[in-house]
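Spelled out from the first residue to the last, the chains are:
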Amino acid sequence: MSSEIRVRFAPSPTGALHIGGVRTALFNYLFAKKNDGKFFLRIEDTDLSRTQEGAEEHIKNSLEWLGLSWEKQVIRQSDQRDLYLHHAKQLIDQKKAYYAFDTPEDLSRLRDELQEQKSAHQHYNALVRVRMRNSLTLPEEEVKDLLEKGVPRVIRFKIDPRHSYAFDDLLRKKIKGHGSALEDKILIKSDGMPTYHFAHVVDDHKLGISHVIRGEEWLPSTPLHGLIYKALEWDLPSWVHLPLILDPHGRGKLSKRNLNANDELPLYLQEWQGIKGFKELGFLPEAVINFLGSLGYRPGPSEEEFFSLTDLEKAFSLSGLAKTSVKYDFAKALWFNEHYIQSCSPDKLLALLQVLIRSRPSKDKVLDPKLQKLLQDENKTRKICELMQKRVHRLPLILENFPLLRTLSEEEKTKYTADIKSLLHNQIPPTWKKQEKAKRMRELRRVLTGQEQGPDLKGLLQCWGESQIFTS
RNA sequence: GGUCCGUUCGUCUAGGGGUUAGGACGCAUCCCUUUCACGGAUGAAACACGGGUUCGAUUCCCGUACGGACUACCA
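Residues numbered from 1 in each chain as written. Chains lettered and ligands numbered in written order. Predicted model: local features only at pLDDT ≥ 70, side-chain atom pairs only at ≥ 80, totals over all residues. Heavy atoms only, no water.

Things to note about the overall build of chain A
Right, on to step 1. Along chain A, the regular secondary structure elements total 19 helices and 12 strands.
Right, on to step 2. Against the compact-globule benchmark of 23 Å for 472 residues, chain A has a radius of gyration of 31 Å, which places it well outside the compact range.
Right, on to step 3. Across the 472 residues that make up chain A, the buried fraction comes to 49%.
Right, on to step 4. Just so you have it, chain A exposes about 24500 Å², and 49% of that area is on carbon and sulfur atoms. (Helix = DSSP H or I, 4+ residues; strand = E, 2+ residues; numbered from the N terminus. Rg over C-alpha atoms; globule rule 2.2 N^0.38 Å. Buried < 20%, exposed > 50% of the residue type's maximum accessible area, 1.4 Å probe, protein only. Areas by Shrake-Rupley, 256 points an atom, 1.4 Å probe, with all protein chains shown as cover.)

Quick word on the pattern of salt bridges
Right, on to step 1. Enumeration according to the criterion identifies 30 salt bridges in this entry.
Right, on to step 2. Ionic pairing is found between glutamate 44 and arginine 42, a salt bridge with its closest N-O pair at 2.8 Å. Grouping residues by exposure puts glutamate 44 and arginine 42 together as buried.
Right, on to step 3. Put simply, Arg8, Arg42, Glu44 and Asp204 are held in one network by salt bridges that share partners. (Salt bridge = Lys/Arg side-chain N within 4 Å of Asp/Glu carboxyl O.)

Here we look at the protein's contact with RNA strand B
Right, on to step 1. Taken together, 60 residues surround RNA strand B, and among them Ser12, Lys189, Gly296, Arg391 and Asp456 come closest.
Right, on to step 2. Sugar and phosphate atoms constitute 75% of the interface atoms of RNA strand B, taking the interface as everything within 4 Å of the protein.
Right, on to step 3. Take aspartate 102: an N or O atom from its main chain is 3.1 Å from a base nitrogen of RNA strand B.
Right, on to step 4. Between RNA strand B and glutamate 305, the relevant distance is 2.9 Å, taken from a sugar or linking oxygen to a side-chain nitrogen or oxygen of the residue. (Near = heavy atom within 4 Å. Polar contact = N/O pair within 3.5 Å; in protein donor to acceptor, adjacent residues only side chain to side chain.)

A short note on unusual backbone geometry
Right, on to step 1. The residue glutamine 273 is not glycine, and still its phi comes out positive at about 50 degrees.
Right, on to step 2. Tracing the chain through its elements places glutamine 273 in the loop between strand E11 (245-246) and helix H9 (285-294).
Right, on to step 3. Even without glycine at this site, asparagine 426 takes up a positive phi of about 65 degrees.
Right, on to step 4. With respect to the element layout, asparagine 426 can be found in the loop between helix H16 (410-424) and helix H17 (437-449).
Right, on to step 5. Among the residues examined, asparagine 426 registers a relative accessible area of 52% and is labelled exposed.

Some details on the sheet that holds strand E3 (residues 74-76)
Right, on to step 1. Strand order in the open sheet made by the 3 strands is E1-E2-E3, with parallel pairing throughout. Since the sheet does not close on itself, it has two edges, and those belong to strand E1 (6-9) and E3, each with one partner. The average angle at which neighbouring strand axes cross in this sheet is 30 degrees, direction not considered.
Right, on to step 2. Of the pairings in the sheet, the one linking strand E2 (residues 38-43) to E3 comprises 3 bridges and is parallel in character. In the sheet register, leucine 41 faces E3, and the bridge partner there is valine 74.
Right, on to step 3. Lying over the sheet, helix H1 (residues 19-34) contacts E1 and E2, oriented at roughly 165 degrees with respect to E1.
Right, on to step 4. Across the face of the sheet, helix H7 (residues 196-207) comes into contact with E1, E2 and E3 while running at roughly 145 degrees to E2. (Pairing = 2+ DSSP bridges. Axes fitted to C-alpha atoms, helices over the stretch in contact; angles between N-to-C directions. Contact = heavy atoms within 4.5 Å.)

Here we look at the sheet that holds strand E5 (residues 154-157)
Right, on to step 1. A sheet is described by the order of its strands in space; here 3 strands give the open sequence E4-E5-E8, paired in antiparallel fashion. Bordering the open sheet on either side are strand E4 (97-100) and strand E8 (186-188), each of which pairs with just one other strand. The mean inter-strand angle of the sheet, taken between neighbouring strand axes irrespective of direction, is 40 degrees.
Right, on to step 2. As paired elements, E4 and E5 share 4 bridges and run antiparallel to each other. Its bridge partner being in E5, tyrosine 98 is matched across the sheet by arginine 156.

Side note on the pairing of E5
Right, on to step 1. Side-chain alternation along E5 places Val154 and Arg156 on one buried face and Ile155 and Phe157 on a second face that is also buried.
Right, on to step 2. Inspection of the sheet shows E5 paired to E8 by 2 bridges, in the antiparallel sense. Each residue of the ladder has a partner; that of arginine 156, found in E8, is isoleucine 186.

Side note on helix H2 (residues 55-66)
Right, on to step 1. Along its 12 residues, H2 runs 17 Å from first to last C-alpha, staying within 8% of the 16 Å computed at 1.5 Å per residue.
Right, on to step 2. Buried residues dominate H2, accounting for 9 of its 12 residues.
Right, on to step 3. Taken as a whole, H2 has its buried residues at Ala55, Glu56, His58, Ile59, Lys60, Ser62, Leu63, Trp65 and Leu66.
Right, on to step 4. Residues of H2 that are buried in the fold lie against E1, H1, E2, E3, H9 and helix H10 (309-315).
Right, on to step 5. The first or second residue beyond H2 is glycine 67, which carries a positive phi of 95 degrees. (Expected span 1.5 Å × (residues − 1).)

In structure tokens:
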């Protein structure tokens, strides 16, 4: 076979794609791009009960938003259950796997028992299988009978406890495992669907995957996966286990339940079941790429902090990957986004803001009528962008933080008209003494906006325009 | 409990047998400015611990501690 680089991202459609998964997808994609390889998407929907409506679309939309493209051929595991069954039966014929008829109650009793005995390894293994109901212990006739009657059964992989095994991980040293610490894992569940362990091996082989780049949570089961490859007499892929993204305090894997309710950190790229993602919060895809690409990755000893997807595609190397898990630092994500908002051209920023205004969910706060009026004028909108560009780290803040115009009392109008008119003509009012400019400006800002601080006051006045200021 | 992985400022990291251990985020102070922000400057802040190996270890080896992952007919 060829030495072509072929990688895949294989999420389960059990919910929204979260940023840990996105990062895994990103590194797979980059590795493929850098090496002129192929990047596949595979939907791992072997657990029918957990598959969620819309999740597959959500995953695809998220990747698309970031600009990650995948091979047209998308594999869905639920479409090919016969394939897995075929290979599992092949293993049974070769005595490398066996049928097991234990009921859930049997297994639960077993677990309790092993726990009580404080057994070193609390597994369905070589020590245990000899006293359970399976095709290794039951008479051949009875097994045949049970199978014919359609009694629920699973297919388990037979682990030889006497051997120890070692496999390579490109990021680490050898991954070592002892047969005695491994379990006779289930390959095919009683509903006929394969487990992850079996399905992904079959599919990765079929797709000719050269490198399995996935999260570190799979490291402990990699010896099992290697053993399955060997049992099937297939070539092993190279493994790369990416360190995990931990919650901000490093207390555990980043997940919804690990976050405090008041953390308000986005976990998704795009909205899912009412929870806003990076996109809805006003992040640019460039910022998210840069942020995720800097979590556990450095392009080299360069001190450059900013890189685009294209930069990464050109330069990506596995040697830049860190071995240590990283904490989710949202402040850094905001900083990247601020940078990319600041570097937008006026046209681009205007376009982004217009998309935002159009897609604004109705349940969000209603905009101030005066602001709304400004937004109907493209030149005014452009001015708003100009005034706010250097002041926000998320797009919607351009609107949310834009100072509102107070309604002036008649008395105030009389008092400030001359000053306002001067400033509208870009001139400091002639009646102001030089040393009181700051004081006057502050006073005027307070009168007009009710705030002590904000964007350039002259700019604000010109944006609002004379008629709005006085006719309200 | 068992198995596996990891440990450089609070966070992301660079580095690597001899360095003033470098950068970035965040934080603080100052400058700029009509204010805030932006920008600029400066500052505080790290090699988990103990043993080896070595002339010398933060860097290599071994332990310990700590952290994380896994331990489902979930992925």
